[in-house]
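Structural characterization, general
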Amino acid sequence: MAREPRRPGRARPAARPYWRSTVNLGSKILAFGHYQPSQVVTNDDLSRVIETNDEWIRDRVGIAQRRVAGTETVADMATAAAGKALAASGLTAGDIDTVIVATCSSVDRCPNVATRVAAKLGINAPAAYDLNTACSGFCYGLASADHAIRAGAARNALVIGAEKLSDVTDWTDRTTAVLFGDGAGAAVLTAIGEGEQPGVGPVVWGSAPDKGDVLKIEGWRPYIKQEGQAVFRWATTAIAPYAQAALDRAGVQGKDIAAFVAHQANTRIIDGITKRLDMPNAIVLKDLVESGNTSAASIPLALSKAIERREVPSGAPVLLFGFGGGLTYAGQVIRCP
């Protein structure tokens, strides 16, 4: 059939693009939330079942107690923290298009934790995935969500760190049983508006794969295994320069930082990193004293509790830095919601 000639003056309709890219200038955090199980296990409780004591634990790592989940799963705790963050954000479940869960302790591999959280909260058809970089996981997740928002692949994201480390703790091993706890923390991110400054700074991230075997959870019935001195030396010598790089990339001076939230592994590690950074006005969070080491949950858990106590002003710059199994690390400067 002959093609009908185009009429004079009649414009050809523009081809409809297959997809349209929307690039955002950055993201900001709207709210944090956290959850911890109700059961408290003190150092004295542990001393009744393993050879240890309160003084030794406090002196070596700074922990006084930790929370341990019973029947609650990683997904249950992640959902509780995420629900609290979502309620405080002013958004609804229908607004969330991306769910990221950082965890290294979920015993369920499929469906992943992120889709379970989405189902429990009524979030419809989000991009949903878990990531595992152990104790640096929340900062990795935060960076991943920020990148997706900047690229236009997401607008509102839910980032969660959740761990049930009691499932992978050998409670007869006095070197590791005293360290770990269970819990979850979450943050809601959104794209910034025109004229707003980004609330999530550039990430500094990486790993030291050659040292990865000093902290591991391996096998079908795994327990956490750790070479404590090797981890301690690496964390106290390697991390401070990376944390300084996060400040530099964000264009923020240490004197302007209102709070420093490092991975809550050991008070001596946190003190060692802090001494090498010039942050004279920052409060240094040490939630591990009452929560233990909660791996990917530790940073959002600590910051959410500090915000709830009104210890960090809204809009203040906060330095986050996670490090741990892998050996991985990641950190960034954020603006407190």
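Residues numbered from 1 in each chain as written. Predicted model: local features only at pLDDT ≥ 70, side-chain atom pairs only at ≥ 80, totals over all residues. Heavy atoms only, no water.

Where we set the bar: UniProt positions are given in the numbering used here, feature names are shortened, and annotations may be inferred rather than shown by experiment.
The protein chain carries the name Beta-ketoacyl-[acyl-carrier-protein] synthase III in an unreviewed UniProt entry, which gives Dactylosporangium roseum as its organism. Listed in UniProt under the heading Catalytic activity (unreviewed entry), the comment for the protein chain reads: "malonyl-[ACP] + acetyl-CoA + H(+) = 3-oxobutanoyl-[ACP] + CO2 + CoA". Taken verbatim from the UniProt record of the protein chain, the Subunit (unreviewed entry) comment is "Homodimer."

Notes on the UniProt feature "active site" (unreviewed entry) in the protein chain
Using the following cut-off: Elements are defined by DSSP. Helices are runs of H or I of four residues or more, strands are runs of E of two residues or more, and each kind is numbered from the N terminus. Each residue is assigned to one of three classes by its accessible area relative to the maximum for its type, calculated with a 1.4 Å probe on protein chains only: buried under 20%, partly exposed between the two thresholds, exposed over 50%. In this analysis, two residues are considered to be in contact whenever any of their non-hydrogen atoms come within 4.5 Å of each other. Each polar contact in these results corresponds to two N or O atoms within 3.5 Å; when the atoms are within protein, one needs to be able to donate a hydrogen and the other to accept it, and residues that are neighboring in sequence are counted only if both atoms are side-chain atoms.
The UniProt record marks Cys 135, His 263 and Asn 293 with the feature "active site" (unreviewed entry), using the residue numbering of this structure. Separation in sequence by 159 residues is not matched in space for these annotated residues, since their most distant C-alpha atoms are only 8.9 Å apart. Structurally, Cys 135 can be placed in the loop between strand E5 (127-131) and helix H5 (137-151). A relative accessible area of 8% places Cys 135 in the buried class. With residues up to four places along the chain from it excluded, the contact list for Cys 135 reads His 263, Ser 295, Ala 296, Gly 322, Phe 323, Gly 324 and Gly 325. Take His 263: it is sitting in the loop between strand E11 (259-262) and helix H7 (267-275). Looking at His 263, its side chain comes within polar contact range of the side chain of Ser 298, at 2.9 Å.

Some details on the sheet that holds strand E1 (residues 27-35)
Heads up, the rule is: By this definition, two strands are paired if DSSP reports at least two bridges between them. Axes here refer to lines fitted to C-alpha atoms; in helices the fit is confined to the stretch in contact. Angles between the N-to-C directions go from 0 to 180 degrees.
Spatially, five strands are ordered E1-E7-E6-E4-E5 in an open sheet, and the strand pairing comes out mixed. The open sheet has two free edges, formed respectively by E1 and E5, since each of these has just one partner strand. Within this sheet the neighbouring strands show an average axis-to-axis angle of 15°, counted without direction. By the bridge criterion, nine bridges tie strand E6 (residues 156-164) to strand E7 (residues 182-191) in an arrangement that is antiparallel. Pairing of Ala 162 across the sheet is with Ala 184, part of E7.

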